[in-house]
Amino acid sequence: MAEHEHVRVAVIGSGFGGLGAAVRLRREGITDFVVLERAGGVGGTWRDNSYPGCACDVPSHLYSFSFAPNPDWPRSFSGQEHIRAYLERVTDTFGLRPHLRFNAEVKRMTWDAERLRWDIETTGGNWSADVVVSATGPLSEPKLPDVPGLDTFPGKVFHSARWDHDYDLRGKRVAVIGTGASAIQIVPSVQKQVEKLTLFQRTPAWVLPRMDRPIGAAERAVHRALPFTTKLRRGLLWGIRELQVQAFTKHPGELGFVEQLAKRNMARAVKDPALRAKLTPDYHIGCKRILLSSTYYPALAQPNVDVVASGLTEVRGSTLVAADGSEAEVDAIVFSTGFHVTDMPIAERVVGPEGKTLADVWSGGMQALRGASAAGFPNWMTIIGPNTGLGNSSMILMIESQLNYMADYLRQLDVLGGRVALDARPSAVRAWNHRVQERMKRTVWNTGGCTSWYLDASGRNTTIWPGTTAEFRRATRRVDLAEYAVLRAADARPGTGAENTEVAA
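In this text the structure is predicted, and so the values were computed from the model without any measurement.

Draft legend 1. Seen up close, the sheet that holds strand E13 (residues 312–316). Reading across from one edge, E13-E14-E15 is the order of the three strands in this open sheet, with antiparallel pairing throughout. Of all the strands in the sheet, just E13 and strand E15 (327–329) have a single pairing partner and so form its edges. Averaged over all adjacent pairs, the angle separating strand axes in this sheet is 25°, with direction ignored. The pairing of E13 with strand E14 (residues 319–322) spans four bridges and is classified as antiparallel. Bridged to Val 315 within E14 is Leu 320.

Here it is, written out as structure tokens:
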């Protein structure tokens, strides 16, 4: 490996998770760290996703850091440009720019068992670090389906997370592939511009109205003058969602009322019974993420929109062929087909002491102790790791809980002293994962009758947390050393580089 710079902590990614980790490190008095970012600016998914209509489906005051409240959110559900601007302000307010290393995509991270450190190769130089905090996020790598004949398509093709703003959709025949959170924002945003919009819908979604509104100047002024009002607003939004959790995790039958609201929402906008039949899911609401939009159904009811209730299976030149045999001639294809969530590409670049990648270890399904630590990968932690996702609330709450765990992890290393590393015990990882999966069995995500991106290739839910955010915060408040093996360089044995020191429970 070429010459490198050594730091105590290397953070990978500069979205909410990476910037949150950087702020927490500084608040803990740690300044010997870098944030390695593959792009040329901060923002993560809110930098990459800039498609028309891109916005958050979590209320603004809950979708922000508790330590960086924003009294000036312009809408109750903020758009991409406002969220990205917020992250830029966080970067400046907390003095993070000296730690940022842009255009430094991590190509490989290798554990050095002798030196007890990670050697990191990037496109912008090489580093080594005592601890790696991976905050690449599950919604960072677009997922494109393998469609036969796609290479023969003469028109424009791009993923929603890689929107081509230089391509003018006006007057074009456009196909949107997918009906997830991105698609229901894109469709109404481009429908009025295009000549014809064809939506390829493999599975319909449950959609509720999006109760969005502008936040007036007077309301924002109150939040600025009386900061406790912003905190109160955030607390109320959090509490309402905490009360909803049991319907998703323990009593899915309670979601029946919400399902009726979704059907009424559809009926108000879609008068054609044939189209309503296409758009009505055959699974219980909540099994897939409940989507929020007040413009999606009205857009689908317009005469220049055609809904194909089938997935795209083949491309023949400019002709798109669905599984049901229907065809559509288009000039452009927009894939809104999600991301690599249960098979995160970063896992292929993390190499443990035995030469195995994290992807190898996770080939049977992702699992990590308290959503953070993977067995066999010392001093490596992930933010928004396995089973830390949410189906009804703000991921910022989960990120901040994991930052608590990260901070205590570093404190424990200090207390242990010397050149030391912590490696999650396989038994502890298995026990944690077993508890999570047992709780998952009765949730709507596992019993609702759908196939979602929450499930991995074997049908196991490795994505969602089956409890409240308060439960997760309690579970990640402190690091339990009994769940880790302690590795010390000072006790190195010939040929191994480090001694596995047992710690009593």
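Draft legend 2. A look at the side chain of Asp 164. Summarising the element assignment, Asp 164 is placed in the loop between strand E7 (156–159) and strand E8 (173–177). Residue Asp 164 is classed as buried on the basis of its relative accessible area, which comes to 17%. Of note is the side chain of Asp 164, whose polar atom sits 2.7 Å from the side chain of Lys 156.

Draft legend 3. Seen up close, the environment of Ala 262. Tracing the backbone shows Ala 262 in helix H7 (residues 256–269). On the basis of relative accessibility, which here comes to 1%, the residue Ala 262 falls in the buried class. As for Ala 262 and Arg 276, which are separated by 14 residues in sequence, their C-alpha atoms are 12 Å apart. Excluding residues within four positions of it along the chain, Ala 262 makes contact with Trp 206, Val 207, Leu 208 and Ile 285.

Draft legend 4. Local environment of helix H12 (residues 426–440). Over its 15 residues, H12 runs 21 Å from end to end, which matches the ideal 21 Å to within 8%, given 1.5 Å per residue. Looking at H12, one finds that the buried residues are Ala 428, Val 429, Trp 432, Asn 433, Val 436, Gln 437 and Met 440. Down the axis, H12 shows its buried residues gathered within 160° of arc, on one side only. Residues of H12 that are buried sit in contact with strand E19 (420–424), helix H13 (444–447) and helix H14 (469–475).

Draft legend 5. Focus on the sheet that holds E8. Reading across from one edge, E7-E16-E8-E9-E12 is the order of the five strands in this open sheet, with parallel pairing throughout. Both outer strands of the open sheet, E7 and strand E12 (305–308), are each paired with one neighbouring strand and no more. Averaged over all adjacent pairs, the angle separating strand axes in this sheet is 15°, with direction ignored. As defined by bridge partners, strand E9 (residues 196–200) adjoins E12 across four bridges and the pair is classed as parallel. Across the sheet, Phe 200 pairs through a bridge with Val 308, a residue of E12.

Draft legend 6. Up close: the packing of helix H1 (residues 16–27) against helix H11 (residues 395–416). One can describe the packing of H1 onto H11 by two numbers: an axis separation of 10 Å at closest approach and a directional angle of 40°. The pairing of H1 with H11 is recorded here as oblique in orientation. The hand of the H1/H11 crossing is right-handed. Across from Phe 16, Gly 17, Gly 20, Ala 21, Arg 24 and Leu 25 in H1, the residues of H11 making contact are Ile 396, Ile 399, Leu 403, Asn 404, Met 406, Ala 407, Leu 410 and Arg 411. Residue composition of the contact of H1 with H11, by class: nine nonpolar, three polar and two charged.

Draft legend 7. Broad picture of the nonpolar core. Residues Phe 16, Phe 65 and Leu 300 are the most contacted members of the largest nonpolar core, which totals 111 residues. What Phe 16 contacts, discounting residues up to four positions off in sequence, is Trp 46, Tyr 63, Ser 64, Phe 65, Ile 83, Tyr 86, Leu 87, Ile 396 and Ile 399. The next biggest cluster of nonpolar side chains, apart from the first, holds 29 residues, and it includes Ala 10, Met 109, Met 344 and Ala 347.

Draft legend 8. Representation of the pattern of salt bridges. One pass over the structure, following the stated rule, counts 29 salt bridges. Of the charged contacts, one joins Asp 92 and Arg 97 as a salt bridge, the two residues approaching to 2.5 Å between their closest N and O atoms. Assessed through its relative accessible area of 47%, Asp 92 is described here as partly exposed. The class for Arg 97 is partly exposed, based on a relative accessible area of 33%.

Draft legend 9. A look at the packing of aromatic side chains. As enumerated under the stated definition, the model contains 15 aromatic pairs in all. Between Trp 73 and Tyr 86, the ring centres sit 5.2 Å apart and the planes meet at 40°, which makes this aromatic pair tilted. Within this pair, whereas Trp 73 is found in the loop between helix H2 (45–48) and helix H3 (80–93), its partner Tyr 86 is found in helix H3, the two being separated by 13 residues in sequence. Aromatic rings pair up to connect Phe 16, Trp 46, Tyr 63, Phe 65, Phe 67, Trp 73, Tyr 86 and Phe 94 into one cluster. The ring of Tyr 167 is capped by Lys 172, whose NZ or CZ atom sits 5.2 Å from the centre of that ring. One residue, Arg 439, lies across the ring of Trp 465, its end atom 5.6 Å from the ring centre.

Each value, and the rule that gives it
Residues numbered from 1 in each chain as written. Predicted model: local features only at pLDDT ≥ 70, side-chain atom pairs only at ≥ 80, totals over all residues. Heavy atoms only, no water. Pairing = 2+ DSSP bridges. Helix = DSSP H or I, 4+ residues; strand = E, 2+ residues; numbered from the N terminus. Axes fitted to C-alpha atoms, helices over the stretch in contact; angles between N-to-C directions. Buried < 20%, exposed > 50% of the residue type's maximum accessible area, 1.4 Å probe, protein only. Polar contact = N/O pair within 3.5 Å; in protein donor to acceptor, adjacent residues only side chain to side chain. Contact = heavy atoms within 4.5 Å. Expected span 1.5 Å × (residues − 1). Arc of directions from axis to C-beta. Parallel < 35°, antiparallel > 145°, perpendicular 65-115°, else oblique. Left-handed = near helix turned anticlockwise from the far one by under 90°. Nonpolar A, V, L, I, M, F, W, Y, C, P; charged D, E, K, R; others polar. Core = buried A, V, L, I, M, F, W, Y, C linked by side-chain atoms within 4.5 Å. Salt bridge = Lys/Arg side-chain N within 4 Å of Asp/Glu carboxyl O. Phe/Tyr/Trp six-rings, centres within 6.5 Å; stacked < 30°, edge-to-face > 60°. Lys NZ or Arg CZ within 6 Å of the ring centre and 35° of its normal.

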